[in-house]
Amino acid sequence: MSIRNEEIFKIIEKIRNHYHTNLNNRFIRKALLLMKVPRGTWDAIARLTEKTDLYKIQGYPYKELYEQIHAAATFVHQAKIDVAPRLRILLSGGAETVFSRQKGGEDKILLDMAINNFPANLGVFSDLINELYVKAVEQDKADHPNERPVFERMPELKEIGRFLI
């Protein structure tokens, strides 16, 4: 069974826009590459944030959507512990940084804004992922009234709350 809930599509669209505008932009992307996240997690995030038109046509299979939600929660968790504490060091313009490069006036201002707003933007992304998860579980329960919902058959989803906090 696939999810074709318009509210879920709207949340996913918000996630996509927020992710590309505020988290995976040209200023922050380099630091995100340092995270210890498996390739499969990046692939699932890409499916959640880039291939939304395909899913609008076909719907989201529950298992696949939950895998994407789990990947996004893993991303949030790793970004909080791997990137956020040292983001300024990784991306600042000094010669001692990992990705040092001279930045022009406007780029420097935008970089500073991206660095300063990263924790808040990560929090918004986390809230959107949580909203998507709650809505998906609600729909899952409604679609499976006489059987065990899909989310209950995926033990890895139990760590979603811990990852998003």
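Throughout this document, residue positions are counted from 1 along each chain, in the order its sequence is written. For a predicted model such as this one, the threshold for reporting local features is a pLDDT of at least 70, and the threshold for listing and counting side-chain atom pairs is 80 or more; totals across whole chains, interfaces and linings nevertheless cover every residue. Computation of side-chain values: all heavy atoms of the structure, hydrogens and water removed.

Participant: What exactly am I supposed to notice about the nonpolar core here?
Facilitator: As a rule of thumb, nonpolar side chains are buried together in soluble globular proteins. The term nonpolar core refers to a set of buried residues drawn from Ala, Val, Leu, Ile, Met, Phe, Trp, Tyr and Cys, joined through side-chain atoms within 4.5 Å. Throughout, exposure labels follow a simple rule: accessible area from a 1.4 Å probe, protein chains only, divided by the maximum for the residue type, with under 20% read as buried, over 50% as exposed, and the rest as partly exposed. Ranked by size, the top nonpolar core spans 52 residues in total, and within it Leu65, Tyr66, Ile69, Phe75, Phe118, Phe125 and Leu132 carry the most contacts. Segments assigned H or I by DSSP are reported as helices when at least four residues long, segments assigned E as strands when at least two residues long, and all are numbered from the N terminus. Of all the secondary-structure elements, those providing two or more residues to this core are α1 (6-23), α2 (29-32), α3 (39-50), α5 (62-83), α6 (87-91), α7 (105-143) and α8 (160-164). Discounting chain neighbours no more than four positions away, the residues touching Tyr66 are Tyr133, Ala136, Val137, Asp140, Val150, Phe151, Met154 and Leu157. Only heavy atoms matter for contacts: two residues are in contact if any of them lie within 4.5 Å across the pair.

Participant: I tried to follow the pattern of salt bridges on my own but got confused; where do I start?
Facilitator: Between side chains of opposite charge, pairing is possible as soon as their charged atoms come close. One side-chain nitrogen of Lys or Arg within 4 Å of one carboxyl oxygen of Asp or Glu is enough to make a salt bridge. Applying the stated rule across the entire model yields 12 salt bridges. The partner of Lys135 in a salt bridge is Glu7, and the shortest N-O contact between them spans 2.8 Å. Taken together, the residues span a long stretch of sequence, with Lys135 in helix α7 and Glu7 in helix α1 at a distance of 128 residues. We note a salt bridge from Lys63 to Glu67, for which the minimum N-O separation is 2.7 Å. Of this pair, Lys63 and Glu67 both sit in helix α5, 4 residues apart, roughly one helical turn. Taken together, the shared-partner salt bridges in this structure form one network comprising Glu7, Lys135 and Glu138.

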